[in-house]
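# Reading the structure
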Amino acid sequence: MPDTKFPSDGGARARFLAAGITIPAERAKGAIEEADRILAVQFSLRGPRSAAAEPSNIFTLKPGAE
Amino acid sequence: MANTALHETTIAEAGRALRTGAVTSVDLAKASLERIAAVDNSLDAFILVTPERALADAQQADADFAAGIDKGPMQGIPYGLKDIFDTAGIRTSCHSRLLIENVPEQDCVVAGRLAAGGGVLIGKLGTYEFAIGGPSFDLFHPPARNPWNREHTTGGSSSGSACAVAASMLPMAMGSDSGGSIRGPAAYCGIVGLKPTYGRVPKRGVFPLSYTLDHCGPLTRTVADAALSLQVIAGHDPLDPHSVDVPVPDFSAQIGQDLCGLRIAYARDFLSGEPSANPEIIAKLDTAAERLALLGAVVEEVTLKPYDLFVACQRTIMYAEAFAIHEENLKSRPMDYGRYGYQRLLQGGALSAADYIQALRLRSELTTYLSEAVLGVCHAMLAPTGLTPAPKLDSFGEDVAPWSGMMAGPFNATGHPALAFPIGFSENGLPLGAQLVGRAFNEPTLFRIAAAFEASAALNSRRPIP
């Protein structure tokens, strides 16, 4: 498991605001709680990797027809 | 077959009977429609039943048989589609008010292949809204109920698909799986559900939840039927960038073989860190592992990287991609979504670009790890599908709860094929399931193992409702 901690700020509300999202008040509690849960595990995705360790499956290009 | 009610007939049984003339496709279609009329008003599996289309398809299948035309294992067989699969001229709503008037002009690739293969479309099946969210009562159609106990959920998101197959309204229904949405409902409803290898079955024309996690696969009552269904829908689609151009094998070829010579990893430790794991699940999994060993396989416990790591990766990717799809509507029409769907789909808005990229980088590492360290040594891996039997519908609160119960997401991130199958029942009579995870593009070995278990455990005789 990656051992480099990258703690989330726990600030889902601020992140939503920065993304231009206005959450209807009656739905905010559940949405923000769920976002805090996913933000809280983001540290685990960050491990010691080289800069070249890119995901290999994002983009490929095939040769065009002659 | 002679003693089996028509609506209980499997694809394999019906295929034989159709080809000997013992039954017609119209008989099968009518039996399916009558079964739906009898039980679905209390189960709510179907969003839309298409009887005219069904009878037309069935008449065509019978005419083809009479003319000596055989289009393969789905010819004359009733099936249903989760209502995120586009169907030309037939509403595809994604179980959402946002698409309640959406009538596609074209079939998705899977629907097209089933039609070309002579299948009989019976209707469109309920789902969690846009294949995420939860069992919601604030949508235009209620959630499907578990046929084993209608106070309990079917799981999701392929909820109507699992319900319809378990209740013998259909022998096969298509589902989609981005984090367990085929395998979870299959486990909760006591049936078989296959998430094929990523790229095996085209997704074009299926409303996306998550571009790189979505898989399309069948839900059936038997392992053999899952193999027959996959035979019709598998294969490269050059217009689908995720589709992989690999040969399509005979998926049934290994069914009936014993398990001698196979090594099966047992990921028991996926449960060990989960205090909510039901002891009945653990006991049944242990029994399943022992049975596989008795059938000739070498079964060995393995310790995997932490489950939480896999699922953090999968969930970050899923939320980021889903938000990209729904961003405009989430911002402009928030109240047109159901409460659960909105609260789930919004999550990617709180993630950063770096979060997503880090998840993709980790995904590559986890995929290589599973392929080499586990499936490079063993032919398959036995793992839990979920932590508990199906929960009660009234246990879901006002807001979305933490994801819990299902343990299927890791293999969406890695793309390996995963087959959910029944392993027994809880004390309260609800089904329990497990999954077999295989090497990429090696579904036949999963069918071999699960079919051997199915024949030995003989769980199919127990049905949920008469």
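Procedures and definitions
Residues numbered from 1 in each chain as written. Chains lettered and ligands numbered in written order. Predicted model: local features only at pLDDT ≥ 70, side-chain atom pairs only at ≥ 80, totals over all residues. Heavy atoms only, no water. Helix = DSSP H or I, 4+ residues; strand = E, 2+ residues; numbered from the N terminus. Rg over C-alpha atoms; globule rule 2.2 N^0.38 Å. Buried < 20%, exposed > 50% of the residue type's maximum accessible area, 1.4 Å probe, protein only. Contact = heavy atoms within 4.5 Å. Core = buried A, V, L, I, M, F, W, Y, C linked by side-chain atoms within 4.5 Å. Expected span 1.5 Å × (residues − 1). Arc of directions from axis to C-beta. 1 Å grid on protein atoms, 1.4 Å probe; cavity = no way out; pocket = protein on both sides within 12 Å on 5 of 7 lines; lining within 4 Å. Points joined across faces, edges and corners; volume = space filled by probe spheres on them. Nonpolar A, V, L, I, M, F, W, Y, C, P; charged D, E, K, R; others polar. Phe/Tyr/Trp six-rings, centres within 6.5 Å; stacked < 30°, edge-to-face > 60°. Buried area = accessible area lost by both parts, 1.4 Å probe. Salt bridge = Lys/Arg side-chain N within 4 Å of Asp/Glu carboxyl O.

## Looking at the overall build of chain B
Secondary structure summary: chain B contains 14 helices and eleven strands in total. Relative to its length of 466 residues, chain B is compact, with a C-alpha radius of gyration of 20 Å against a globular reference of 23 Å. Along the three orthogonal principal directions, the C-alpha set of chain B runs to about 60 × 55 × 45 Å. Across the 466 residues in chain B, those meeting the buried criterion constitute 63%. Taking as baseline every contact in chain B between residues at least 6 positions apart, the subset at least 24 positions apart corresponds to 79%.

## Focus: the nonpolar core
All names here are of chain B. Ranked by internal contacts, the top residues of the largest apolar core, which has 122 residues, are L114, M381 and L382. Ranked by residue count, the leading element in this core is helix α10 (residues 307–332), at 13 residues. Aside from chain neighbours lying at most four places away, what touches L114 is M74, Y79, L81, G119, M172, M174, V232 and I233. Within the second largest apolar cluster, 29 residues are counted, among which are V26, F46, V120 and A420.

## Some points on helix α3 (residues 51–66) of chain B
Residues and elements named next belong to chain B. With 16 residues, α3 should reach 22 Å at 1.5 Å per residue; the first-to-last C-alpha distance of 22 Å fits that figure. Considered for burial, the residues of α3 that qualify are A54, D57, A58, A61, D62, D64 and F65. All buried residues of α3 project into a common sector of 160 degrees when viewed along the axis, lining one side. Along α3, the residues that are exposed and aim more than 90 degrees away from the buried face are E52, Q59 and A66. In this structure, the buried side of α3 is in contact with α1 (11–20), α2 (25–39) and β3 (120–125). Once α3 ends, the next one or two residues include G68, with phi positive near 80 degrees.

## Notes on empty space enclosed by the protein
All names here are of chain B. Under the definition given, this model contains six cavities of 30 Å³ or more. The volume enclosed by the largest cavity comes to roughly 90 Å³. Only α1 and α2 provide two or more residues apiece to the lining of the largest cavity. Along the lines of polarity and charge, the residues of the lining of the largest cavity split into nine nonpolar, five polar and no charged. Together, V192, R221, V223, F421, P422, A450, F453, E454, A457, A458, L459 and N460 line the second largest cavity. Looking at the lining of the second largest cavity, the elements that each hand over two or more residues are β10 (418–425) and α14 (443–457). At four residues, the largest contribution of residues to the lining of the second largest cavity is made by α14. Taken together, the residues of the lining of the second largest cavity break down into nine nonpolar, one polar and two charged.

## Quick look at the packing of aromatic side chains
Residues and elements named next belong to chain B. The tally for this structure, following the rule as stated, stands at eight aromatic pairs over all chains. Aromatic pair F270 and F411: ring centres 6.4 Å apart, planes at 20 degrees, arrangement stacked. Highlighted residues: F270 in helix α8 (residues 269–272) and F411 in helix α13 (residues 410–414), separated in sequence by 141 residues. Given the relative accessible area of 2%, F270 is considered buried. Overall, the relative accessible area of 0% leaves F411 in the buried class.

## Regarding unusual backbone geometry
All names here are of chain B. Across the junction of G156 and S157, the peptide omega takes the value 15 degrees, indicating a cis bond. Along the chain, S157 turns up in the loop between β3 and α5 (159–166). Of note, C94 is a non-glycine position whose phi angle comes to about 55 degrees, a positive value. For C94, the position within the fold is in the loop between β2 (78–82) and α4 (109–116). Its relative accessible area of 1% is what places C94 among the buried residues. Here the phi dihedral of H95 falls at roughly 55 degrees; this positive angle occurs in a residue that is not glycine.

## Quick look at the interface of chain A and chain B
Listed per partner, the contact involves 34 residues of chain A and 40 residues of chain B. Together chain A and chain B conceal approximately 3,000 Å² of surface at their shared face, both sides included; 57% is due to carbon and sulfur atoms. Interface area lost by chain A to chain B is led by R27, L45 and R49 of chain A, which between them contribute 23%. Taken together, the links from chain A to chain B amount to four salt bridges. Between D355 of chain B and R46 of chain A there is a salt bridge, with the nearest N and O atoms lying 2.8 Å from each other.

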